[in-house]
Amino acid sequence: MSATQINYRSLNEENTTVINIHELETSYEVEDTPRNSGVLVHTVPEKNKTRWNHIQDLDSFFTKMYQYHQKHGFSVILVDEMFQLFVFTFVIWLLIFTANCLNHDMLFGNVPPPNNHSRITINDVIYPVDKCLESFGSMTYLILIISALYFFIRTVKFFYNITQYWDIKKFYNTALNIGDSDLDNITWYEVKKKVREVQAEQNMCIDKDHLTDLDIYHRILRFKNYMVALMNKNLLPARFNIPLFGEVVGLSRGLLFNIDLILFRSPGSPFQNNWQLRDDYNIRGNQVDLAKRLSKLILWVALANLVFSPLIFIWQIIYFSFTYANILKKEPGALGMRTWSNYGRLYLRHFNELDHELDARLNRAYEYADKYLSSFSSPLLAVFARNILFISGGLLVVVLALGIYNEFVFQIEHVVTLITVLSAIGLICRSLIPDDNLIWCPEQLMTAILAHVHYLPSSWKNKSHTTLVQKEFGYFFQFKANYVLYEIFSPLITPFLLLFVFRPKALEIVKFFRSFTVFVRGVGNVCSFAQMDVRKYGNPEWQLDNSVFNNNADDNNENQISCCPNNGKIELSLLRFTLTNPDWQMPSEAINFVNGIRENAIAELSKAKTKDFRLNALTESLISFGTMGDEYSSVARSLLERCNLRENNECFNERVYDINHAQRQDHFEQMLQQNLGEKSQCNERMKSKSVKALNSSFGRNDMKKLRTSKLEGRLEGPSQSLLHSLYGPESLWEHSPSDLTIADMCLSTLYLHEIHNRKQKSEQPINTAIVESTNKPSETVLTSNVGETTPLLTGT
């Protein structure tokens, strides 16, 4: 380590220095890691203890450390990696064996059994080894050569990964004092806390004495944050038109892999290593050259995909057939279930959100999302489905009855196929027939979905009953069958998406990397949005006070909106990160934003006690929050009952609907009438009663419980939150404090969206006003910029 590095680090021990990419002419002199990162970890044994005094590639180290925790330790990872090699070998062997080593004429009964046997045996169907080898053709040998090469590469990767995970195992066992048997009983929050302690003791990162939670997240999610930002800026090929099919929305795993390869991991990508953008992106005026270079890289990758697309397509068919064969045999309706699409997962993902945190959030919204889309049905399709179901059912009954009468019927050619097809038709028809006992409440279901997924277009407000919203949400939450078919055919589509949809955006992508990349000391280059700087990149339309942006002129406000992410991405990401990482030392602007939200909520709750009370953003959010289920309605009740709303309880009762069944609606209405219709003083007795009711609700198993290693945040819950601010310091979450993180983020999401909607309504008369003029052609109609696509900065 040079003297320059030592002096640079000593001047900045605590604070993180952020430098804009345009000002980075000479900032790369101090890097967090050397460039030749051939070895992942440098260890020096000292008194039977491994010293982790310098880790050369912290990105890979922290990523594998996270995967090690989530995959349950070294033994599970080793067995999983070994089975991946075995599965590949098994698939290749099975294909070659089926094509070359079976007597197909004997198998299908086209020839009589040999040696006057009464029945065909297995030995009659399988060729001997020598005859099997003789039947190998040139195509078989080509497949074997390609498979052997791929198997060799996978084997080398297997041993490399196992070596790396063995180092991670020693780090967990020695430095963190966490055994593999304890991984499922410790949260990721506790792991990060121990890592920060090891950094302070052994200096894993040589450029910083102290690591923050955000530093670790930046290392693990550096490229994922860029992908989230690119999706937010509509720069990924997620929407495209296919002739005769119309618009198609989706992102296959293969397409995401190719985009990740092009932008971050290939020799010609904008990133020259895991942590540093190429120096060419610091030079002004070379955007066109960089765009041409990126366009050429996309072209070569697309051509490679086109060449190998037949092999990849065949592999996809085999892989998904083997994966779902046993599932479909036991549960034929499995493909009729829904799943979150890759497009939806990337659209709904926060900045600095790990995989287990995203999975937990989307899993909580699964039931609401499934009920919402299931509540829509086409009357015309229902008529067809009922009649086709009747016809197919009649045919199926006749075939089965004849087979029961005489089992020889099942030996007739294609009878089993006919039974399978008729069963599948019946399954599809039943899914198209609506449930007569279904209660249709799309707005309440969409509110519950929004509370958990956090990001939905504001234009969907009060339009959840429309077919357009149902169609758009279906892109996020698609049928499993659609997902499987799209993944199977993606190798044939991906080359053309790269060529005709992604490649034309090369210049915009170059501008994006130049405009929205910053250098963080001890971390390297990261997406500027991932810094969650609400002052620089926040959206004024999602915040309470615009004074932080110094918007004295309208042009400043427009520029702020044009460069910020859509849908309140910065604001909601910041709120979630502060809840799951309560030890993170926030910048002053972030502190002001978070505290401003809580102070405004307290003020609006106080206004609810006045006689001239009207529904405000907080009370609207609490009512919506209370309709999500019993555990949430208890929170809303215990907060609302503190206020004297005797004259206003009718306005609450009109807004209460149920999203599960009608009994909860009556329960919540009676609760509001009982608690809000009486005069209630905020004395100690009422506070104690509220906290007791709240604790008893969260003590039940209404919320989906996860194992400790999958929890978001810490077991003790957040130290500061919106609910803590509203309840006061006397509130204790005794039974399940970790559920406070979930409940608080749901309420915070609804509250921030309600603030945004009210702000939009207040500005709408100005933004949509018609400027009337006397015969001046330049005078036009002014429209709101909220729903428009955010233009990309030029970066010059």
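All residue numbers here refer to positions counted from 1 along the written sequence of the relevant chain. Only residues with pLDDT of 70 or above have their local features reported here, since the model is predicted, and side-chain atom pairs are shown and tallied only from 80 upward, although totals for entire chains, interfaces and linings are computed over all residues. For the side-chain quantities, the full set of heavy atoms in the structure was used; hydrogens and water were omitted.

A. Up close: helix H25 (residues 630-640). A large share of H25 lies buried, amounting to nine of its eleven residues. Within H25 the residues assigned to the buried category are Glu631, Tyr632, Ser633, Ser634, Val635, Ala636, Ser638, Leu639 and Leu640. Working definition: with a 1.4 Å probe on protein chains only, accessible area under 20% of the residue-type maximum means buried, over 50% means exposed, and in between means partly exposed. A run of DSSP states H or I qualifies as a helix once it reaches four residues; a run of E qualifies as a strand once it reaches two. Both are numbered from the N-terminal end.

B. Up close: the confidence of the model for the protein chain. Each residue carries a pLDDT score, the predictor's own confidence in it, on a scale running from 0 to 100. Residues with a pLDDT of 70 or more make up 76% of the protein chain, whose mean pLDDT is 78. In this analysis, two residues are considered to be in contact whenever any of their non-hydrogen atoms come within 4.5 Å of each other. Confidence over residues 547-555 falls short of pLDDT 50; this stretch has 14 contacts with residues more than four positions distant or in other chains. Considering only residues more than four positions removed or in separate chains, one finds that residues 766-796, a stretch of pLDDT under 50, has 42 contacts.

C. The arrangement of the packing of aromatic side chains in detail. By convention, a stacked pair of Phe, Tyr or Trp rings (six-membered ring in the case of Trp) has centres within 6.5 Å and planes under 30 degrees apart, an edge-to-face pair has planes over 60 apart, and any other such pair is tilted. Applying the stated rule across the entire model yields 46 aromatic pairs. Centre to centre, the rings of tryptophan 93 and phenylalanine 97 are 5.1 Å apart; their planes meet at 20 degrees, and the pair counts as stacked. Here tryptophan 93 and its partner phenylalanine 97 are both found in helix H3 (residues 74-100), four residues apart, which amounts to about one turn of the helix. Seen in terms of ring centroids, tyrosine 226 and phenylalanine 513 are 5.2 Å apart; in terms of plane orientation they differ by 40 degrees. Their pairing is tilted. Linking tyrosine 226 in helix H10 (residues 222-232) with phenylalanine 513 in helix H20 (residues 506-515), this pair joins segments that are 287 residues apart in sequence. Comparing tyrosine 226 with phenylalanine 513, the two get one shared label, buried. Members of the aromatic cluster, each reached through a chain of ring pairs, are Phe223, Tyr226, Phe264, Phe271, Phe351, Phe512, Phe513, Phe516, Phe529 and Tyr537. The criterion is that NZ of a Lys, or CZ of an Arg, lies within 6 Å of the ring centre and within 35 degrees of the ring normal, and then a charge sits over that ring. Lying over the aromatic face of phenylalanine 479, arginine 338 brings its terminal NZ or CZ to 3.7 Å of the ring centre. Directly above the aromatic system of tyrosine 455 lies the positively charged group of lysine 569, at a separation of 3.9 Å from the ring centroid.

D. Structural detail: the state of the cysteines. Disulfides are defined in this document as cysteine sulfur pairs within 2.5 Å. A complete count under the given rule lists one disulfide for this structure. Note that cysteine 101 is cross-linked by a disulfide to cysteine 132, the S-S spacing being 1.7 Å. Linking cysteine 101 in the loop between H3 and helix H4 (104-107) with cysteine 132 in helix H6 (residues 129-134), this pair joins segments that are 31 residues apart in sequence. The exposure class of cysteine 101 is buried, given its relative accessible area of 7%. Judged by relative accessible area, cysteine 132 falls into the buried class, the value being 7%.

E. Geometry of unusual backbone geometry. Of note, the phi angle at histidine 454 is positive, near 80 degrees, even though the residue is not glycine. Mapped onto the elements, histidine 454 comes out in the loop between helix H17 (442-453) and helix H18 (467-476). At asparagine 462, a residue that is not glycine, the phi angle is positive and equals roughly 60 degrees. Examined against the element boundaries, asparagine 462 turns out to sit in the loop between H17 and H18.

F. Quick look at the side chain of glutamine 287. The residue glutamine 287 is located in helix H12 (residues 287-330) in this model. Within 3.5 Å is the distance limit for a polar contact, defined as a pair of N or O atoms, with the added protein rule that one can donate a hydrogen and the other accept it, and that residues adjacent in sequence qualify only through two side-chain atoms. Within the local environment of glutamine 287, its side chain forms a polar contact with the side chain of arginine 514, the two groups lying 3.3 Å apart.

G. Spotlight on the UniProt feature "transmembrane region" (unreviewed entry) in the protein chain. UniProt positions are given in the numbering used here, feature names are shortened, and annotations may be inferred rather than shown by experiment. Here, UniProt's "transmembrane region" (unreviewed entry) annotation points to residues 74-96, 139-160, 297-322, 380-403, 415-433 and 483-502. Helix makes up 100% of residues 380-403 and strand 0%. Its end C-alpha atoms lie 35 Å apart. Structurally, residues 415-433 comprises 95% helix and 0% strand, and the distance from its first C-alpha atom to its last is 27 Å.

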